[in-house]
Amino acid sequence: MAAGGWTYAALAKQVEVDPKSVERWVNLGRIPRRATALQAAKALGEDVHALWPALRQARPARGISPELVALYEQRADIPVSTFTDLMAQARERIDILVYAAVFLHEAYPRLNELLTERAAEGCTVRIAIGDADSDNVQARGQEERFGHGIESRCRLALMHYRPLAGTPGIEVRTHSTTLYNSLYRADDQQLVNAHVWGVNAYAAPVWHLRRHEAGGMFDTYAESFVAVWTTATPVREEG
């Protein structure tokens, strides 16, 4: 106001308020209504938010996706029964995309039986595990400071799942892609274990999704599974 030669009365007349209101803006830090503030800022040739920062409106936060059922801070917080119960409820499809995820077999030795039972009931089961000899698996071991441990776990996962190869309704493949997320899908529900650089999968977050509409979050991850699956190599039966 001083730089532009504005008096309280002059500015008050310009924005159609009482001069005492303008005096309160200046001396008491009072904040005018937004419409009045915009008029005053225009008259003064200033940005309204520079004059009254409190009028700056935060961007409205997007609503939480209706597909998000639950969010876990880390996979280690989730009982293995959450994974197996989801699979046990599947009627049409089970998709698993991991590098190893041997925690499933270690905590639930009946996993192969469960998958076989689901397949016998008409469920299509697709399992994609990491190729232990691939560059991406080896790089992951270095990034997680796990060294050759991740390669060993991939080989162990193959030992666990190989007996399923050749089972009607079940297919096992190995992949060599960069694994951005581990996926555990059962029909229209999916557990997504996000991966964080330098952090072991058990300490990374997991979100539980339920398909809500075409083209949503669920479908984004489901399509990524298919993209990896098409590049993967089928595992042959033992013997």
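Below is a summary of the structure that appears in this document.

Quick notes on the rules
Residues numbered from 1 in each chain as written. Predicted model: local features only at pLDDT ≥ 70, side-chain atom pairs only at ≥ 80, totals over all residues. Heavy atoms only, no water. Helix = DSSP H or I, 4+ residues; strand = E, 2+ residues; numbered from the N terminus. Contact = heavy atoms within 4.5 Å. Salt bridge = Lys/Arg side-chain N within 4 Å of Asp/Glu carboxyl O. Buried < 20%, exposed > 50% of the residue type's maximum accessible area, 1.4 Å probe, protein only. Phe/Tyr/Trp six-rings, centres within 6.5 Å; stacked < 30°, edge-to-face > 60°. Lys NZ or Arg CZ within 6 Å of the ring centre and 35° of its normal. Axes fitted to C-alpha atoms, helices over the stretch in contact; angles between N-to-C directions. Parallel < 35°, antiparallel > 145°, perpendicular 65-115°, else oblique. Left-handed = near helix turned anticlockwise from the far one by under 90°. Expected span 1.5 Å × (residues − 1). Arc of directions from axis to C-beta.

Some points on the environment of Glu 237
- With respect to the secondary-structure elements, Glu 237 resides in the segment after strand S8 (233-234).
- Between the C-alpha atoms of Glu 237 and Ala 119, which are 118 residues apart in sequence, the distance is 17 Å.
- Excluding anything up to four places from it in sequence, Glu 237 contacts Ala 165 and Gly 166.

Description of the pattern of salt bridges
- Counted according to the given criterion, the structure contains seven salt bridges.
- Here Asp 95 ties to Arg 126 by a salt bridge, and the two come within 2.9 Å at their closest N and O atoms. Here the residue Asp 95 occupies a position in strand S2 (residues 93-97), and Arg 126 occupies one in strand S3 (residues 124-130), the gap between them amounting to 31 residues. Across the pair, Arg 126 and Asp 95 agree in class, each one buried.

A closer look at the packing of aromatic side chains
- Taken as a whole, this structure holds five aromatic pairs when the rule is applied.
- Judged by centre distance (4.9 Å) and plane angle (75°), the ring pair of Phe 83 and Tyr 184 falls under edge-to-face. Of this pair, Phe 83 sits in helix H5 (residues 80-89) while Tyr 184 sits in strand S5 (residues 181-186); the two residues are 101 residues apart in sequence, bridging distant segments of the chain.
- Between Phe 103 and Tyr 184, the ring centres sit 6.4 Å apart and the planes meet at 70°, which makes this aromatic pair edge-to-face. On the criterion of sequence distance, the pair formed by Phe 103 in helix H6 (residues 103-107) and Tyr 184 in strand S5 is long-range, its members being 81 residues apart.
- Overall, the relative accessible area of 14% leaves Phe 103 in the buried class.
- For Tyr 184, a relative accessible area of 4% translates into the label buried.
- Through pairs of rings, three or more aromatic residues link up here, namely Phe 83, Phe 103 and Tyr 184.
- Above the plane of the ring of Phe 103 lies Arg 75, whose end atom (NZ or CZ) is 3.9 Å from the centre.
- For Arg 126, the ring lying beneath its charged end belongs to Trp 229, and the centroid distance is 5.7 Å.

With respect to the packing of H5 against helix H7 (residues 111-120)
- Viewed as axis vectors pointing N to C, H5 and H7 meet at an angle of 20°, and their least axial separation amounts to 9 Å. One element, H5, and the other, H7, form an angle in the roughly parallel class. Regarding H5 and H7, the two cross each other, and that crossing is left-handed. Here Thr 84, Met 87 and Ala 88 of H5 come into contact with H7, specifically with Leu 111, Leu 114, Leu 115 and Arg 118.

A short note on helix H10 (residues 217-229)
- Helix length check: H10 (13 residues) gives 19 Å between terminal C-alpha atoms against 18 Å at 1.5 Å per residue, within 8%.
- Within H10, the full set of buried residues consists of Phe 218, Asp 219, Tyr 221, Ala 222, Phe 225, Val 228 and Trp 229.
- Buried-residue contacts for H10 involve S2, S3, strand S4 (170-175), S5, strand S6 (189-194) and strand S7 (206-210).

Examining helix H1 (residues 8-15)
- Where H1 is concerned, the buried positions are Leu 11, Ala 12 and Val 15. Looking straight down H1, one finds that the buried residues subtend no more than 100° of arc, so they occupy a single side.
- Against the buried residues of H1 lie helix H2 (19-27) and helix H3 (34-44).

Everything listed is a geometric property; what it means functionally is a separate question.
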